[in-house]
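Survey of secondary and tertiary structure
Below, each chain spelled out in residue letters.
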Amino acid sequence: MKKRKKTQLSIMLVICCIIASILIAVTPLKLAIVFQPYHSSTKLAYLPLNNETHFKIKYTHSIHLTDVVESYRITANLEIQQYELIYQDFAIGMPSNAGKGEIFIRKNGKYSIENMNRVFPYFYLRVGQVRANHRVIFQNKEYPLSQSIAPGTSVKVEIRKLTMFEQWKGVNILESI
């Protein structure tokens, strides 16, 4: 009888460990900037967040062939606020003035719009195939998105908590170079 209780206890312990492992794997734990491909068959890429609240997206404009830098901060509600835009040419696709409450500045041959308060729960980005060379600037380092995401892929950029399974299955951009 004692042996049977020991066996039952061992089986219960194993079952509890399995359930705990599954719960840990599927419970959202790690806050990250997530680049979720539109097609679910492609791996997501992410930047794990600790205390970071800012990141930038840098790309080469397809017509002007000059760099554009979009600066973002993460809000307390885990939304994305664009607060600055820096570029070199007014031509097609770039603003020629600031919006309400924003500040337009020309300095060192570049234009910038500061004091922007454009808040998004997420935004979409198509990783450039030819000229754009999209890079994310995080912790003062540039990471080419094409190292983690196939060029031409459309991604949803958002702030969210990832499960251990999603982290394991996805690509940590910090480790992809």
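Cut-offs used in this document
- Residue numbering note: each chain is counted from 1, following its sequence as written.
- pLDDT decides what is reported in this predicted model: residues at 70 or higher carry local features, side-chain atom pairs at 80 or more are listed and counted, and totals for whole chains, interfaces and linings draw on all residues regardless.
- Calculated side-chain values reflect all of the structure's heavy atoms, with hydrogen atoms and water omitted.
- Any two strands with at least two DSSP bridges between them are considered paired.
- Helix and strand labels come from DSSP, where a helix needs a run of H or I of at least four residues and a strand needs a run of E of at least two; each type is numbered from the N terminus.
- Pairs were defined over the aromatic rings of Phe, Tyr and Trp, the Trp ring being its six-membered one, requiring ring centres within 6.5 Å. Orientation was assigned from the angle between planes: stacked under 30 degrees, edge-to-face over 60, tilted for the rest.
- Any residue under 20% of the maximum accessible area for its type is buried, any over 50% is exposed, and the rest in between are partly exposed; the area is computed with a 1.4 Å probe on protein chains only.
- Lysine NZ or arginine CZ positioned within 6 Å of the ring centre and within 35 degrees of the ring normal marks a charge as sitting over the ring.
- We call two residues in contact when some of their heavy atoms are within 4.5 Å.
- N or O atoms within 3.5 Å of each other form a polar contact, as long as, within protein, one can give a hydrogen and the other can take it, and as long as residues adjacent in sequence are counted only when both atoms are side-chain atoms.
- The axes used here are C-alpha line fits, helices contributing only the stretch in contact, and every angle between their N-to-C directions lies in the interval 0 to 180 degrees.

**Observations regarding the pairing of strand β11 (residues 154–162)**
- Bridge analysis of strand β1 (residues 30–37) against β11 gives eight bridges, and the strand direction is antiparallel. Each residue of the ladder has a partner; that of P37, found in β11, is V155.
- Pairing geometry for strand β8 (residues 122–126) and β11, over five bridges, is antiparallel. When the bridges of β11 are listed, R126 appears paired with S154.

**Some thoughts on the packing of aromatic side chains**
- The full count for this structure, using the stated rule, is seven aromatic pairs.
- Plain terms: the ring middles of F104 and Y111 are 5.8 Å apart, the flat faces sit at 25° to each other, and that makes the pair stacked.
- Assessed through its relative accessible area of 27%, F104 is described here as partly exposed.
- Chaining the aromatic ring pairs together yields one cluster made of F55, Y72, F120 and F123.
- Note that R73 overlies the ring of Y83, its terminal NZ or CZ placed 4.2 Å from the centroid.

**Some details on the environment of H54**
- Structurally, H54 is set in strand β3 (residues 54–60).
- Judged by its relative accessible area of 36%, H54 is partly exposed.
- Excluding residues within four positions of it along the chain, H54 makes contact with Y72, R73, Y83 and F138.
- A distance of 2.8 Å separates a polar atom in the side chain of H54 from a polar atom in the side chain of T53.

**A closer look at the sheet that holds strand β4 (residues 67–74)**
- Reading across the sheet, the seven strands line up as β6-β7-β5-β4-β3-β9-β10 and stay open at both edges, with antiparallel pairing between neighbours. The two strands at the open ends of the sheet, each matched to only one other strand, are β6 (103–107) and β10 (141–144). Direction aside, the axes of adjacent strands within the sheet are offset by 25° on average.
- As judged from the four bridges shared by strand β9 (residues 135–138) and β10, these two strands associate in the antiparallel manner. Considered in β10, the bridge of R135 is made with P144.

**Here's the deal with the side chain of T66**
- Following the sequence through the fold, T66 ends up in the loop between β3 and β4.
- Look at T66 and you get buried, because its relative accessible area is 16%.
- Ignoring anything within four residues of it in the chain, the contact list for T66 reads Y59, T60, H61, Q88 and D89.

**Notes on the pairing of β6**
- Pairing of β6 with strand β7 (residues 110–120) involves five bridges; the strand directions are antiparallel. The residue of β7 that forms the bridge with I103 is E114.
- Counted along the chain from β6 to the antiparallel partner β7, the turn is two residues long, and its residue N108 has a positive phi close to 55°.

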